[in-house]
Amino acid sequence: MDARTISDDLERVLLTEQQIQERLAELAQEVWAHYEGKDVLLVGVLKGAVIVMADFMRALPGSVPMDWMAVSSYGSGTKSSGVVRILKDLDADITGRHVLIVEDIIDSGLTLSWIKANLESRSPATVEILTLLRKPDAAKVEIPVRWVGFDIPNEFVVGYGLDFDERYRNLREVATLAPHVYS
């Protein structure tokens, strides 16, 4: 689905599919060089990171294993609750491994901060973060992010895995959602 098909639900497109793909390819090269020769595991955060993870992995020049976590902190609203619960934990043991958390977006940072601390408690070699999108003006906690695709304004966005009430994830662009949709 592209923005033209749902233009009444959107205010504006922030990032095109081409911009996203180009940036993910750049990030893939940087990440590959950083982890060369190391036992790395990509950890995606469901559901939002599915599309980012898939396209990021395809851009890597070699094979890297992945695993998934599912956590809940939003419900059906537009703001993070800050309360996190694990819905699906990792299948892999991360002891001694280099873990790269792959996220779709960092908003307040509360959920990701909790996930990072949880993973660090499992004795990995390192835990780093890659996110497609970051909202610097929405940050409530300081969280070190090694790789950022794009910094965006503190607006409610959908597309490229990001949803509102489980809708719009399959939008190829990242766009701001019109207030009449969620008001």
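Report on the accompanying structure. Keep in mind it's a predicted model, so treat the numbers as computed, not measured.

Rules of the game
- Residues numbered from 1 in each chain as written.
- Predicted model: local features only at pLDDT ≥ 70, side-chain atom pairs only at ≥ 80, totals over all residues.
- Heavy atoms only, no water.
- Helix = DSSP H or I, 4+ residues; strand = E, 2+ residues; numbered from the N terminus.
- Rg over C-alpha atoms; globule rule 2.2 N^0.38 Å.
- Buried < 20%, exposed > 50% of the residue type's maximum accessible area, 1.4 Å probe, protein only.
- Contact = heavy atoms within 4.5 Å.
- Areas by Shrake-Rupley, 256 points an atom, 1.4 Å probe, with all protein chains shown as cover.
- Lys, Arg positive; Asp, Glu negative; His and termini not counted.
- Charge placed at Lys NZ, Arg CZ, Asp CG, Glu CD.
- Core = buried A, V, L, I, M, F, W, Y, C linked by side-chain atoms within 4.5 Å.
- Salt bridge = Lys/Arg side-chain N within 4 Å of Asp/Glu carboxyl O.
- Expected span 1.5 Å × (residues − 1).
- Arc of directions from axis to C-beta.
- Pairing = 2+ DSSP bridges.
- Polar contact = N/O pair within 3.5 Å; in protein donor to acceptor, adjacent residues only side chain to side chain.

Observations regarding the overall build of the protein chain
Line of reasoning, step 1. A count of helical and extended segments in the protein chain gives four helices and nine strands.
Line of reasoning, step 2. N-terminal to C-terminal, the α/β element order of the protein chain is β-α-β-α-β-β-β-α-β-β-β-β-α.
Line of reasoning, step 3. Relative to the globule expectation of 16 Å for 183 residues, the C-alpha radius of gyration of the protein chain, 16 Å, shows essentially globular dimensions.
Line of reasoning, step 4. Counting over 183 residues, the protein chain shows a buried share of 50%.
Line of reasoning, step 5. Across the protein chain, every contact between residues at least 6 apart in sequence was considered, and the portion connecting residues at least 24 apart equals 66%.
Line of reasoning, step 6. Carbon and sulfur atoms make up 47% of the accessible area of the protein chain, which totals about 8900 Å².
Line of reasoning, step 7. Here the protein chain holds 19 positive side-chain charges and 28 negative ones, and the gap between their average locations is 2 Å.

Digging into the nonpolar core
Line of reasoning, step 1. Counting residues in each nonpolar core, the largest one holds 29 residues, and the members touching the most others are Phe 56, Leu 100 and Leu 133.
Line of reasoning, step 2. Where this core is concerned, the elements lending two or more residues are α1 (17–34), β2 (40–46), α2 (50–59), β5 (98–106), β6 (126–134) and β7 (147–151).
Line of reasoning, step 3. With five residues, the top contributor of residues to this core is α1.
Line of reasoning, step 4. Non-local contacts of Phe 56, meaning those with residues more than four positions away in its chain, are made with Leu 24, Leu 27, Ala 28, Val 31, Leu 42, Leu 100, Val 102 and Leu 130.
Line of reasoning, step 5. Formed by 19 residues, the second largest nonpolar core is a distinct cluster that contains Leu 90, Ile 101, Val 127 and Val 145.

Some remarks on the pattern of salt bridges
Line of reasoning, step 1. Applying the stated criterion across every chain, the model contains 18 salt bridges.
Line of reasoning, step 2. Because the salt bridges share partners, they merge into one network encompassing Lys 47, Asp 163, Glu 166 and Arg 169.

Describing α1
Line of reasoning, step 1. The terminal C-alpha atoms of α1, which comprises 18 residues, lie 26 Å apart, in line with the 26 Å expected from a rise of 1.5 Å per residue.
Line of reasoning, step 2. Along α1, the residues classified as buried are Ile 20, Arg 23, Leu 24, Leu 27, Ala 28 and Val 31. With its buried residues spanning 150° around the axis, α1 presents them on a single face. Structural note: α1 exposes Gln 18 and Ala 33 on the side pointing more than 90 degrees away from its buried face.
Line of reasoning, step 3. Against β1 (10–15), α2, β5, β6, β7 and β9 (174–177) lie the buried residues of α1.

What to know about the pairing of strand β3 (residues 66–72)
Line of reasoning, step 1. Counting buried residues in β3 gives five out of seven residues, a clear majority hidden from the surface.
Line of reasoning, step 2. In the sheet, β2 pairs with β3 via five bridges, with the strands oriented parallel. What sits directly across from Val 45, in β3, is Met 69.

Some points on the side chain of Arg 97
Line of reasoning, step 1. Tracing the chain through its elements places Arg 97 in the loop between β4 (85–88) and β5.
Line of reasoning, step 2. Here Arg 97 falls in the buried class, since its relative accessible area comes to 14%.
Line of reasoning, step 3. Looking at Arg 97, its side chain comes within polar contact range of the side chain of Asp 39, at 3.3 Å.

Remarks on the side chain of Asp 55
Line of reasoning, step 1. Mapped onto the secondary structure, Asp 55 falls in helix α2.
Line of reasoning, step 2. Beyond its immediate chain neighbours, meaning those up to four positions away, Asp 55 contacts Gln 21, Leu 24 and Tyr 160.

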